[in-house]
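For reference, the chains in residue letters:
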Amino acid sequence: MTDYALNLKDPRETRVRFCPSPTGTPHVGLIRTALFNWAYARHTGGKLIFRIEDTDAARDSEESFNQVLDSLHWLGIEWDEGVGVGGPHEPYRQSQRMDKYAEVVEKLKEGGYVYEDFSTPEEVEARHKAKGEDPKLGYDNFDRDLSEEQKAAYRAEGREPVLRLRMPDEDITFTDLVRGEITFRAGSVPDFVVVRANGKPLYTLVNPVDDALMGITHVLRGEDLLSSTPRQIALYRALVEVGVASFIPEFGHLPYVMGQGNKKLSKRDPESNLFLLRDAGFIKEGLLNYLSLLGWSLSSDQDVFSIDDLVANFDIKDVLGNPARFDVKKAEAINGSHVRLLDAEDFRNRLVPYLRTAGILSAETFEALTAREQEILTAAAPLTQERMQLLGEAPQLLGFLFKKDEEIVVAEDAAKQLKESAPQVLEAAISSVESLEDFTAEGIQSALRESIVDGLGIKPRLAFGPVRTAISGERISPPLFESMEILGKESSLIRLRALLIQLQA
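Calculation criteria
Along each chain, residues carry numbers from 1 onward, in the same order as the chain's sequence is written. Where local features are concerned, this predicted model is filtered to residues with pLDDT of at least 70; where side-chain atom pairs are given and counted, the filter is 80 or more; whole-chain, interface and lining totals use all residues. To obtain the side-chain values, all non-hydrogen atoms of the structure were used and water was disregarded. The helix and strand labels rest on DSSP assignments: H or I over at least four residues marks a helix, E over at least two residues marks a strand, and numbering proceeds from the N terminus. Computation of the radius of gyration draws on C-alpha atoms, with the globule rule given as 2.2 Å multiplied by the number of residues to the power 0.38. The buried label goes to any residue with under 20% of its type's maximum accessible area, the exposed label to any with over 50%, and the partly exposed label to all in between, with areas taken from a 1.4 Å probe on protein chains only. When checking whether two residues touch, look at their non-hydrogen atoms; a contact exists if any pair is within 4.5 Å. Whenever two N or O atoms come within 3.5 Å, that pair is a polar contact, provided that in protein one can donate a hydrogen and the other can accept it, and provided that, for residues adjacent in sequence, both atoms are side-chain atoms. A pair of strands is labelled paired if DSSP reports no fewer than 2 bridges between them. In this analysis an axis means a line fitted to C-alpha atoms, helices contributing only their contacting stretch, and an angle means the value between N-to-C directions, from 0 to 180 degrees. Put simply, a salt bridge is a Lys or Arg side-chain nitrogen that is within 4 Å of an Asp or Glu carboxyl oxygen. By convention, a crossover is right-handed whenever its connection, traced from the first strand over the helix to the second and viewed with the strands pointing away, goes clockwise. Candidates for patches are residues over 30% relative accessible area with no salt bridge; among them, like charges are joined within 9 Å and nonpolar side chains (Val, Leu, Ile, Met, Phe, Trp, Tyr) within 5 Å. The method behind every accessible area is Shrake-Rupley, applied with a 1.4 Å probe, and residues are considered shielded solely by the protein chains displayed. The sign given to each residue is positive for Lys and Arg and negative for Asp and Glu; His and the chain ends receive no count. Charged side chains are reduced to one point each, which is NZ for Lys, CZ for Arg, CG for Asp and CD for Glu. Residues belong to a common nonpolar core when they are buried Ala, Val, Leu, Ile, Met, Phe, Trp, Tyr or Cys residues joined through side-chain atoms within 4.5 Å. Each direction from the helix axis to a C-beta atom contributes to the arc, which is the arc of those directions.

Let us now look at the overall build of the protein chain. Looking only at helices and strands, the protein chain features 21 helices and 12 strands. Relative to its length of 505 residues, the protein chain is extended, with a C-alpha radius of gyration of 32 Å against a globular reference of 23 Å. C-alpha atoms of the protein chain, sized along the principal axes, occupy 105 × 50 × 40 Å. Per-residue burial for the protein chain yields a buried fraction of 51% across its 505 residues. Pairs at least 24 residues apart make up 75% of the contacts formed inside the protein chain by residues separated by at least 6 positions.

The residue Arg51 is located in the loop between strand E2 (47-50) and helix H2 (62-75) in this model. For the pair Arg51 and Arg93, spaced 42 residues apart in the sequence, the C-alpha separation amounts to 5.8 Å. Discounting chain neighbours no more than four positions away, the residues touching Arg51 are Arg17, Phe18, Cys19, Pro20, Val83, Tyr92, Asn207, Asp210, Asp211, Met214 and Ile216. A polar contact is formed between the side chain of Arg51 and the side chain of Asp211, at a distance of 2.7 Å.

What follows is about the sheet that holds strand E8 (residues 192-195). Overall, antiparallel pairing links the three strands, which are arranged E4-E5-E8 in an open sheet. Looking at strand neighbours, the two that pair on one side only are strand E4 (114-117) and E8, the edges of this open sheet. On average, each strand axis in the sheet is tilted by 50 degrees relative to the strand beside it, whichever way the strands run. Bridging between strand E5 (residues 162-165) and E8 involves three bridges; their strand directions are antiparallel. Across the sheet, Arg164 pairs through a bridge with Val193, a residue of E8.

So, on to the side chain of Ser228. Summarising the element assignment, Ser228 is placed in the loop between strand E9 (218-222) and helix H7 (229-241). In this structure the side chain of Ser228 is engaged in a polar contact, spanning 2.7 Å, whose partner is the backbone oxygen of Leu225.

This part takes up the pattern of salt bridges. Across all of its chains, the model carries 35 salt bridges by this definition. Notably, a salt bridge pairs Glu125 with Lys136, separated by 2.8 Å at the nearest N-O pair. Of the two residues, Glu125 is situated in helix H4 (residues 121-130) and Lys136 in the loop between H4 and helix H5 (148-156); the sequence distance between them amounts to 11 residues.

Right, let's talk about the side chain of Asp210 for a bit. Summarising the element assignment, Asp210 is placed in helix H6 (residues 203-213). Judged by its relative accessible area of 0%, Asp210 is buried. The residues contacting Asp210, other than those within four sequence positions of it, are Arg51, Gln94, Arg97 and Tyr101.

The buried fraction of E9 amounts to five of the five residues, a majority that puts the element mostly inside the structure. Relative to strand E10 (residues 250-254), E9 runs parallel, the two sharing five bridges. If you follow Gly222 over to E10, its bridge partner there is Leu254. As a crossover connection, the stretch from E9 through H7 into E10 is right-handed.

A few words on the pairing of strand E6 (residues 172-176). Burial along E6 is one-sided: Ile172, Phe174 and Asp176 are buried, while Thr173 and Thr175, pointing the other way, are not. As paired strands, E6 and strand E7 (residues 180-184) are joined by five bridges and run antiparallel to one another. Residue Ile172 lies in a different strand from E7, and its bridge partner there is Phe184. Between E6 and E7, which pair antiparallel and follow one another directly, the connecting turn spans three residues.

A few words now on unusual backbone geometry. Generally, phi is negative for residues other than glycine and the peptide bonds are trans, each holding for most cases. Pro91 follows Glu90 through a cis peptide bond whose omega is -5 degrees. Mapped onto the elements, Pro91 comes out in the loop between strand E3 (81-82) and helix H3 (98-110).

A separate point is a negative patch on the surface. Residues Glu437, Asp438, Glu442, Glu482 and Glu485 make up a contiguous surface patch of negative charge. As for its placement among the helices and strands, Glu485 is situated in helix H20 (residues 480-487).

What follows deals with the nonpolar core. Counting 89 residues, the largest nonpolar core has Ile77 and Phe326 as the members making the most contacts within it. With 10 residues, helix H1 (residues 28-44) is the single largest residue contributor to this core. When residues no more than four places from it in sequence are discounted, the contact partners of Ile77 are Ile31, Ala34, Leu35, Trp38, Leu48, Leu72 and Leu288. Counting 55 residues, the second-largest nonpolar core is a separate cluster that includes Leu391, Leu397, Phe402 and Ile430.

Right, let's get into the environment of Thr120. Relative to the helices and strands, Thr120 resides in the loop between E4 and H4. Note: C-alpha distance between Thr120 and Ser272 (152 residues apart in sequence) is 39 Å.

The element helix H19 (residues 465-472) is largely enclosed, with a buried count of seven among its eight residues. Of all the residues in H19, the buried ones are Gly465, Pro466, Val467, Thr469, Ala470, Ile471 and Ser472. Positive phi appears at Gly473, one or two residues downstream of H19, with a value of about 80 degrees.

Along an α-helix, a turn takes 3.6 residues, which lines up residues three or four apart on a common side. Those residues of H4 that sit buried are Val124, Arg127 and His128. In an axial view of H4, the angular spread of the buried residues amounts to 100 degrees, which keeps them on one side of the axis. Relative to its buried face, H4 has exposed residues pointing more than 90 degrees away, namely Glu122, Lys129 and Ala130. Of the residues trailing H4, Gly132 is marked for its positive phi of about 75 degrees.

Shown next, in the form of structure tokens:
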């Protein structure tokens, strides 16, 4: 009896793969799959192979291919063999491997593992109807044992056959690394097409063939592909028999990622779009941390951890089979924890692209900013790091520090919270600032507290609202006194006077 089992003598022999189809924008489910494969490879000391499933010319696009590369590079998910890296099994794009598939198909034909199917869909339905069965049951294995005379007759009619793999007539049982033992009953999976009538191989053939030729030991993929596993195992058995493969890999099916309303997260859902998350201000450390929690956990009481912690502890056998829900609020909270863990200089530099996208800065990097812009950002960044969850909040929080004084516009919610005493508060603030020589955060706070809280008898909680609105235009801003110090005395006075004039008009 043939031994199909995988027998790894050393975990470092582990070989996993990530093989997306370049269709559409990368989504969190896809990247979660890449992350788990990468983490398992790094944990075992094995290798991650990255290849592209691009045989569907109608749906595949070079733009999507480049987006996949961009997303992996941004997140730091690097591979050991594959596209752009090379390796012993080149090429790593299916569209460039057609000669290899043709050789394998010939071996399968010679071994009797595939056969020609000439039936039309209408004929299959008619046969089901004649038996009193549901006509939509699918292929009925009718062509399995056609004689050469029957095949010749079909060819004489101008028919071109597809090739189907002959499924075994017994149950197929395997142990899923995530879900345990799973059995597919004999006859529950019909013989399936591996090559189209035009000679083009289908995904059902090329995916397992590539895994076999590349020595993939563990197939870690989405739960949606679980139903195809008996077909792949049957094909693998045939590949072992004809000498293309030497073992059947182990399978692990990762849980669905659910969205709002406990529906499977669609690639069309905004929270699923990886680049929308990046644009919103997720950093790679925070997003990788959260994605790893979609089906796995480091411990029951620790949600925030580093990528090194993930690699050190990740085992595919610890992944849960239950669906995981993408919780935007939790993702943002975890991202905020990682934002606060960033080195101050690193955090400051990462804000620049978001300020540039918002039109607040014009340079792409910190080094390209003007000396004054560098000075402002260096002083202001620490004021926001503890309160920011997404880097995309930077324009709202810091924009006023870079604007010209005359560009400050009072937000509607800020204007609404101004009390009748606002002009009186602003007059007191202007008076105290004009005479202030120690224009530091401490000096400003002391002067304003004396003139507004003590002088006007306004409670501290309400005393500085009009000043904040005048300085930033917003109801909420970074620490007020530090912000005024960054702006300087002249700009602070201009803004205080502008709001006073506006309220008196």
